[in-house]
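Take a look at the letters that make up each chain.
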There are 4 protein chains.
Amino acid sequence: MGKGRVEAFTDGVVAIIITIMVLELKVPHGEDLSALAPLWPIFFSYVLSFINVGIYWNNLHNMFHTVQRVDGRVLWANLNLLFWLSLIPATTAFMGENHFAPIPVAVYGVDLALCGVAYRILVTKLHHLHGNETAFAKALGSDRKGKISVALYTAAVLLTFVNQWIGVAIYVLVAAIWFVPDTRFSRVIEK
Amino acid sequence: MGKGRVEAFTDGVVAIIITIMVLELKVPHGEDLSALAPLWPIFFSYVLSFINVGIYWNNLHNMFHTVQRVDGRVLWANLNLLFWLSLIPATTAFMGENHFAPIPVAVYGVDLALCGVAYRILVTKLHHLHGNETAFAKALGSDRKGKISVALYTAAVLLTFVNQWIGVAIYVLVAAIWFVPDTRFSRVIEK
Amino acid sequence: MGKGRVEAFTDGVVAIIITIMVLELKVPHGEDLSALAPLWPIFFSYVLSFINVGIYWNNLHNMFHTVQRVDGRVLWANLNLLFWLSLIPATTAFMGENHFAPIPVAVYGVDLALCGVAYRILVTKLHHLHGNETAFAKALGSDRKGKISVALYTAAVLLTFVNQWIGVAIYVLVAAIWFVPDTRFSRVIEK
Amino acid sequence: MGKGRVEAFTDGVVAIIITIMVLELKVPHGEDLSALAPLWPIFFSYVLSFINVGIYWNNLHNMFHTVQRVDGRVLWANLNLLFWLSLIPATTAFMGENHFAPIPVAVYGVDLALCGVAYRILVTKLHHLHGNETAFAKALGSDRKGKISVALYTAAVLLTFVNQWIGVAIYVLVAAIWFVPDTRFSRVIEK
């Protein structure tokens, strides 16, 4: 089964997610700068989520490069990832509109953690399908970055109840770790 | 007439449907967990619809693999399926926001039944176009699964007026039947 | 300049237009059938617009088959068509939510007429680019159907002020004329 | 790393941006022409943004023609451009709904200026990646048009505080400059 349509569908869903988030940026009422000021938490959470979804697109883009085939399990593991990604516009708005109150920050982190788990499941299914001696498996390695991300998100959710800004700081930290594109896969491509 | 653009257009519409459903997950007012509790019926109906639309994408993906050509009738049969699928975000929200009251549950089932009928019409038109001795026709067989689904949805709509949870249970059951990807088509592909 | 990306972009915009229209189908408040009854004008206008946009996609699909190249003028003529098509969700909702009152019905017709004019401009630019002795020009012929549609829409807008149902009836009539896919282009393809 | 998927993703996001803008065209309440009159500033700002986004699509379309490869920096420079473009629906609505009051007009101009800067960054990264003796670098030249646009947008934002219509006039002027498709790239293609 070819990977082309899965890639195209995934790109389509990610393109829509990254764009409809902006619909949450409701137009402020009022025509002076003071009308824009209360928007900063919504804007900041939008920027953070745009970068996070951009990172997923980037990594999926690189990862699918070394993928050779997909099966039914991979399709559903991919849809599972898209499901948790599709919740990001809603959890982003929940966090932004409540001005980074602890519970919404934790809910946002739970969503990111589940995206991370879903990404881990997807690469595991692909690893299983491709076997150990393939370009995919070599590029993936032990997926240390993926495991650390899930651990950091879990810690962030818990620490949110101490102080929500610790949670937010960890979300920014994980984004920074991944912002560097996943060179494992691109290194293999260049070889 | 090539099938490429029909596939791409279908994928695009399905990607949009599956993603805009989440726009119905309105951001809760309030910043503690009790603000999230009333969302569970909306969330549950979203999950059910995400899986249902995912199943359609999966089956269309497998089915178009064995399709060799399309004509004007197939284009319109496909648009007819997309029409009923495009109503799913609205019927999902209607069911979720009314906390699975009988009428909204029945309306949701009517939409699913009509999606099933539209899928049956589409495969029938494709069968007609390809003839009996083709990979498509062999993969399709008697389409028992498609016929059973329509029958089960019809039963579910009627039984909703006895107790709506019977209807919901049948929707989950049909999703479970289809969740296993349509191996008829993938079996032929592997041969 | 290749036509591939223009086709893909056009398909993408049309797929989004046809799908976001359904966002105007606001979820009714209330959980019995009487809550659905007031939706019929919105639903009917949605069905009509779904068919109209479906017709445009179908005809663009067939037309681009015989197109060999595009230039800057064609890109803008195409964007012009997409602009008027992108207004259809808004004019559809305006007509449906005002229960087919004369002015909204006329506004809807003005949009359809301008879509028709934009389609005429697009085929004229393509005709100019391809010349007379090409498959495109032969398939297009005198574009009688395109000219008649614009005339009928103009008549419909004017007759709306006599009785709006005359306008609606003409919109249905033009849709019926085009529903038969534009066999001019498909005939050439088959040759 | 191939440019195909970056092009497709970019087209997808731009197609969504250009189409969801129309969702800001809220259906007027009331069924006569006086209900439409207050919409003119919203409609005019929508037309201006549709043309601006159309120009970006057109130029990206021509530019990617001469691009031979992309790397991680280009992907992020492209996402950065898409980010500022994705804010256009919100800034357009802000400007239109406040009837071209000075601050919203300035905010709209800041967004356009940042889109221009992001476009400059993207072509600079691509220039860096391709080197001086390539079709891309020759087509780009000194990118005088890009530099002038950013300067004009900056002037427009400042002059808005003298009179907002000066700002609006400059936005229309820059759109007119770019409306002529970026012949630098298409000239190279034709050679």
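Residues numbered from 1 in each chain as written. Chains lettered and ligands numbered in written order. Predicted model: local features only at pLDDT ≥ 70, side-chain atom pairs only at ≥ 80, totals over all residues. Heavy atoms only, no water.

Looking up chain A in an unreviewed UniProt entry gives the name DUF1211 domain-containing protein, with the organism given as Mesorhizobium neociceri. Recorded in UniProt for chain A, the comment headed Sequence similarities (unreviewed entry) runs: "Belongs to the TMEM175 family." For the record of chain A, the UniProt heading Subcellular location (unreviewed entry) holds the text "Membrane". (UniProt positions renumbered as here; feature names shortened; annotations may be inferred.)

Right, let's get into the relation of the copies chain B and chain C. With an axial shift of 0.0 Å and an RMSD of 0.0 Å, the rotation relating chain B to chain C amounts to 90 degrees. Such a turn and shift between the copies fits a four-fold axis. When you check the interface residues of chain B against chain C, a mere 7% turn up at the interface there too, and the two sides of the contact use different surfaces. (Least-squares fit on C-alpha atoms with pLDDT ≥ 70 in both. Contact = heavy atoms within 4.5 Å.)

It is worth spelling out the interface of chain B and chain A at this point. Counting residues at the interface gives 33 residues for chain B, matched by 29 residues for chain A. Considering only the side of chain B, the residues that lose the most area to chain A are B:Val27, B:Glu31 and B:Trp57, jointly responsible for 21% of the buried surface there. For the interface between chain B and chain A, the tally reads 2 salt bridges. A salt bridge links B:Asp11 to A:Arg5, with the nearest nitrogen and oxygen atoms 2.4 Å apart. Seen at the junction of chain B and chain A, the total is 3 residue pairs in polar contact (both at pLDDT 80 or more). Contributing elements (two or more residues each) for the side of chain B that touches chain A: α1 (4-20) and α2 (40-66) of chain B. (Buried area = accessible area lost by both parts, 1.4 Å probe. Salt bridge = Lys/Arg side-chain N within 4 Å of Asp/Glu carboxyl O. Polar contact = N/O pair within 3.5 Å; in protein donor to acceptor, adjacent residues only side chain to side chain. Helix = DSSP H or I, 4+ residues; strand = E, 2+ residues; numbered from the N terminus.)

Here we come to the side chain of A:Asp11. With respect to the helices, strands and loops of the structure, A:Asp11 is situated in helix α1 (residues 4-20). Those residues in contact with A:Asp11, other than ones at most four positions away along the chain, are A:Trp57, D:Arg5 and D:Phe9.

Residues and elements named next belong to chain A. What UniProt calls "transmembrane region" (unreviewed entry) maps, in this numbering, to residues 12-29, 35-55, 75-95, 101-122 and 150-180. Taken end to end, residues 35-55 is 76% helix and 0% strand, and its two terminal C-alpha atoms sit 31 Å from one another. The annotated region residues 101-122 carries 95% helix and 0% strand content, and the separation between its end C-alpha atoms amounts to 32 Å.

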